[in-house]
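# Reading the structure
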Amino acid sequence: MNHLASQPTPADTWQVGDVFLQSRFLLGTAGYPSPQVLREAIVASGTGVVTVGLKRQLAAAGDNGFVAMIREALRETGARLLPNTAGCRSAREAVQLAHMARELYDTPWVKLEVVGDEHTLQPDPFELLVAAEQLVRDGFVVFPYCTDDLVSCRRLLDAGCPLLMPWGAPIGSGQGLINPFALRTLRERLPDATLIIDAGIGAPSHAALAMEMGFDAVLLNSAVSQASAPVTMAGAFRQAIEAGRAAWRAGIMAKQDYAVASTPVAGHPFLIGAAP
């Protein structure tokens, strides 16, 4: 995928495998006050990808309202389902859950999560790589949730992952982009990789900043589901992501260490108050 701002596609679509997507907003489905609010938030977000935790859905197997609302929203918006392996602590567990998800949802897509630390919920880079390698061999399209470590990210790309999902901050923390240097390094050193900021986003301004930095998309959940008005917040994030992307394509001015007059007047004498 070409990330040069001077050569965007006419409709500014982006691609995962042979699937073209218009929206750069990926939305989670956990923690909403009701299935109806979830459905309305999905519609308001304009998302093209909705992620669902298989463990959560299995635990709430009797909640037919939740399942029905997601299916209705997917039909209404044309969004695609992205099952995830949230809650897995080992490569083996994640691979098993991914195979269950493929059987249940009839999709090779999987957001791969393997937690390595209970306090930060930081991905385990070693188990994540093992699981990614196995799932790629098994024919999955793997969306790995990873840290912002450049070397680990390269290993995941080498394993056959079509994209990366580095965190902005710990899941659900709402802290935004806590390590801009590492994220900028990823974008600069992996110019042809599809990079999606995932986790830690708390406000629309955080999402806009990620897009201004040249990232391809943003995935979030809690910032919408935990808002006082989730549907309104979903719309706010949609606008912020679109604005950030438009700004990046337009070409953001370089920062300067000194003042630069926006209206130079040197060499052009004039009299204040004189008639034009």
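In the block above lies the structure referred to throughout.
This part is about the overall build of the protein. Scanning the protein for helices and strands turns up ten helices and ten strands. The contacts in the protein between residues at least 6 apart in sequence include a share of 66% that link residues at least 24 apart.

What follows covers the nonpolar core. In terms of nonpolar packing, the biggest core is built from 59 residues, with L112, V218, L220 and V224 touching the most fellow members. With six residues, helix α4 (residues 91-105) is the single largest residue contributor to this core. Discounting chain neighbours no more than four positions away, the residues touching L112 are T85, A94, L128, A131, A132, L135, V142, F143, P144 and Y145. With 14 residues, the next largest nonpolar core counts V49, W109, L163 and I196 among its residues.

Turning our attention to the pairing of strand β7 (residues 141-146). Counting buried positions along β7 gives five out of six residues, so the element sits mostly inside the fold. In the sheet, strand β6 (residues 109-112) pairs with β7 via four bridges, with the strands oriented parallel. Note on β7: the bridge partner recorded for L112 is P144. Read as a crossover between parallel neighbours, the route from β6 over helix α5 (residues 125-137) to β7 is right-handed. Note: β7 against strand β8 (residues 163-166), two bridges, orientation parallel. Paired with C146 across the strands is P166, a residue of β8. Once you follow β7 into helix α6 (residues 150-158) and on to β8, the crossover reads as right-handed.

Because side chains alternate across strand β3 (residues 25-28), one face comprises the buried residues F25 and L27, and the other comprises L26 and G28, equally buried. For β3 and strand β10 (residues 217-220), the ladder comprises three bridges, and the chain directions are parallel. Across the sheet, residue L26 finds its bridge partner in β10, namely L219. The pairing of β3 with strand β4 (residues 49-53) spans three bridges and is classified as parallel. Bridge assignment links L26 to a residue of β4, and that residue is V49. Considered for its hand, the β-α-β crossover made up of β3, helix α1 (residues 35-45) and β4 is right-handed.

With that out of the way, let us pick up the packing of α6 against helix α7 (residues 180-189). Across the interface, α6 lies against α7 with an axial gap of 10 Å and an inter-helix angle of 40°. Compared by their axis directions, α6 and α7 come out oblique. Of the two elements, α6 crosses α7, and the hand of that crossing is right-handed. Of the residues in α7, those in contact with L150, C153 and R154 of α6 are T185, L186 and R189. Considered class by class, the residues forming the contact of α6 with α7 number three nonpolar, one polar and two charged.

For α7, the complete set of buried residues consists of A182, L183, T185, L186 and R187. Tucked inside the fold, the buried residues of α7 contact α6, β8 and β9 (194-198).

What follows concerns the environment of L135. Mapping L135 onto the fold places it in helix α5. Owing to a relative accessible area of 0%, L135 belongs among the buried residues under this scheme. Linking L135 and A91, residues 44 residues apart in sequence, is a C-alpha distance of 9.9 Å. Contacts of L135, omitting those with residues within four sequence positions, involve V95, A98, H99, V110, L112, F140 and V142.

When you line up the elements, D198 lands in strand β9. Of the residues examined, D198 reaches a relative accessible area of 3% and is grouped as buried. Here K111 takes part through its side chain, which lies 2.9 Å from a polar atom of the side chain of D198. Each residue touching D198, except ones within four places of it in the same chain, is listed here: K111, Y145, M165, P166, W167, G168 and L219.

On to the environment of A217, then. Assignment of secondary structure puts A217 in strand β10. For the pair A217 and R24, spaced 193 residues apart in the sequence, the C-alpha separation amounts to 4.4 Å. Other than its neighbours up to four places away in sequence, A217 contacts W14, R24, L26, L195, I196, I197 and M211.

Cut-offs and rules
- Residues numbered from 1 in each chain as written.
- Predicted model: local features only at pLDDT ≥ 70, side-chain atom pairs only at ≥ 80, totals over all residues.
- Heavy atoms only, no water.
- Helix = DSSP H or I, 4+ residues; strand = E, 2+ residues; numbered from the N terminus.
- Contact = heavy atoms within 4.5 Å.
- Core = buried A, V, L, I, M, F, W, Y, C linked by side-chain atoms within 4.5 Å.
- Buried < 20%, exposed > 50% of the residue type's maximum accessible area, 1.4 Å probe, protein only.
- Pairing = 2+ DSSP bridges.
- Right-handed = clockwise from strand over helix to strand, strands pointing away.
- Axes fitted to C-alpha atoms, helices over the stretch in contact; angles between N-to-C directions.
- Parallel < 35°, antiparallel > 145°, perpendicular 65-115°, else oblique.
- Left-handed = near helix turned anticlockwise from the far one by under 90°.
- Nonpolar A, V, L, I, M, F, W, Y, C, P; charged D, E, K, R; others polar.
- Polar contact = N/O pair within 3.5 Å; in protein donor to acceptor, adjacent residues only side chain to side chain.

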